Amino acid sequence: MPTAPARGTRLGPVALVVAGGLSVQFGSAVAVLLMPRAGALGVVTLRLVLAAAVLLIVCRPKVRGYNRADWGTVVAFGTAMAGMNIFIYQAVDRIPLGAAVTLEVLGPLLLSVIASRRLSNLIWAGLALGGVLLLSGMLTGGGFDRLDPVGAGFALAAGAMWATYIVFSARTGRRFPQADGLALAMAFGAVLSLPFGIVEAGDKLLVPSTIALGLAVALMSSVLPYTLELLALRRLPAPTFAILMSLEPAIAATAGFLVLSQGLSLLDALAIALVIAASMGAVRTQTKRVRAIPEA
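This report concerns the structure included in the present document. (Residues numbered from 1 in each chain as written. Predicted model: local features only at pLDDT ≥ 70, side-chain atom pairs only at ≥ 80, totals over all residues. Heavy atoms only, no water.)

## Structural notes on the overall build of the chain
Helix and strand content of the chain: 11 helices and zero strands. Moving toward the C terminus, one meets the helices and strands of the chain in the order α-α-α-α-α-α-α-α-α-α-α. In the chain, which comprises 296 residues, the share counted as buried stands at 52%. Within the chain, contacts between residues at least 6 apart in sequence are counted, and of these 89% link residues at least 24 apart. Accessible area for the chain stands at about 13100 Å²; split by element, carbon and sulfur atoms hold 69% of it. (Helix = DSSP H or I, 4+ residues; strand = E, 2+ residues; numbered from the N terminus. Buried < 20%, exposed > 50% of the residue type's maximum accessible area, 1.4 Å probe, protein only. Contact = heavy atoms within 4.5 Å. Areas by Shrake-Rupley, 256 points an atom, 1.4 Å probe, with all protein chains shown as cover.)

## So, helix α2 (residues 68–92)
Taking 1.5 Å of rise per residue, the 25 residues of α2 would be expected to cover 36 Å, and the 36 Å separating its terminal C-alpha atoms lies within 8% of that figure. Most of α2 is tucked away, with 18 of its 25 residues classed as buried. Capping of α2 at its N-terminal end is provided by N67; its side-chain oxygen lies 3.1 Å from the backbone amide nitrogen of A69. (Expected span 1.5 Å × (residues − 1). Polar contact = N/O pair within 3.5 Å; in protein donor to acceptor, adjacent residues only side chain to side chain.)

## Looking at unusual backbone geometry
In the Ramachandran plot, R60 falls in the positive-phi region, its phi being about 45° despite a non-glycine side chain. Among the structural elements, R60 can be located in the loop between α1 (3–59) and α2. For R60, a relative accessible area of 67% corresponds to the exposed category. Even without being a glycine, Q178 presents a positive backbone phi close to 50°. Residue placement: Q178 occurs in the loop between α6 (149–175) and α7 (180–201). With a relative accessible area of 61%, Q178 lands in the exposed category.

## Quick notes on the packing of aromatic side chains
Inspection of the entire model under this criterion finds six aromatic pairs. Judged by centre distance (5.4 Å) and plane angle (40°), the ring pair of F77 and Y165 falls under tilted. With F77 in helix α2 and Y165 in helix α6, the pair connects residues that are 88 residues apart, well separated along the chain. Feature note: the residues Y66, W71 and F176 constitute an aromatic cluster, connected by ring pairs. Sitting above the plane of the F168 ring, R171 keeps its charged end 5.0 Å from the centroid. (Phe/Tyr/Trp six-rings, centres within 6.5 Å; stacked < 30°, edge-to-face > 60°. Lys NZ or Arg CZ within 6 Å of the ring centre and 35° of its normal.)

## Regarding helix α3 (residues 97–104)
Of all eight residues that make up α3, eight are buried, and the element is covered over most of its length. Within α3, the full set of buried residues consists of L97, G98, A99, A100, V101, T102, L103 and E104.

## Here we look at the environment of S23
Tracing the chain through its elements places S23 in helix α1. Classification of S23 by relative accessible area gives buried; the value is 10%. A C-alpha to C-alpha distance of 6.1 Å links S23 and S221, two positions 198 residues apart in sequence. What S23 contacts, discounting residues up to four positions off in sequence, is L219, M220, S221, L224 and P225.

## Re the nonpolar core
Core analysis: the largest hydrophobic core is formed by 80 residues, its most contacted members being Y89, Y165, I166, L182 and M186. If we skip the residues at most four places from it in the chain, I166 touches P108, L111, L233, F241, A242 and M245. (Core = buried A, V, L, I, M, F, W, Y, C linked by side-chain atoms within 4.5 Å.)

## Comments concerning the pattern of salt bridges
Within this structure, the stated rule accounts for one salt bridge. A salt bridge links R175 to D70; the shortest N-O distance between them is 2.6 Å. Taken together, the residues R175 in helix α6 and D70 in helix α2 connect sequence positions 105 residues apart. (Salt bridge = Lys/Arg side-chain N within 4 Å of Asp/Glu carboxyl O.)

## Points about the environment of G126
With respect to the secondary-structure elements, G126 resides in helix α5 (residues 119–139). By relative accessible area, G126 is classed as partly exposed at 41%. Sequence separation between G126 and I243 is 117 residues, and the spatial gap between their C-alpha atoms is 9.7 Å.

Here's what the structure looks like:
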């Protein structure tokens, strides 16, 4: 019967994205607690190196049988992954987690506007942007003008890398089976980040308790969410996925409240509601589109 599979096809990718968002933002909150021990770049290195080790052991990806375009996709994906992590951790070292993720998500929102040819997606992206801007203003006590400009710049750069990550995650998922491409890209990103982490943290990266916390961050912020997003992007259009990323500031605000004791006001709640409404609207539009496509 077609009904049940179709429903699973529609809801499955959305559940993967939401689960990935919860994992990555709570992992980021743990990473903030780890920064005094290893520094922002040290945390990035621990996160990527340990995540790459886990994925390579679990996936045992094959390295033969791929062409130059396949490897180019992996390199681009790994570079975007490393850049996204380096920039966002530099940002949260200077500005609050919620504000940093709020600025970062502007990248995926811009991608959704550029990639989408549907008016409805533009409307949902605009609504999400309104919620994002409202949330950022409340979390920083008056708007972007009170943010550290260097931290804000890093967050915006992370947003550009996030949009690139979405594009090449989808391409990697189509070119490589299972999570093989993700494991290879993560390894490349880890190699790129390693010199920065060594220069900043040195032998602090070898402290057992720091490694244990770094492994928790790697699993929560990289292994689980990136795998879920890779699977979701095989069945979810990039514009819809990008709008769903607007849920990240809301999740980050919640993680900041629960883990880092950052407060939430009524206006914060209103901003979060706008973001959630936009994401739900985007998903509903996509499910209607899927339902309208006749079966072969």
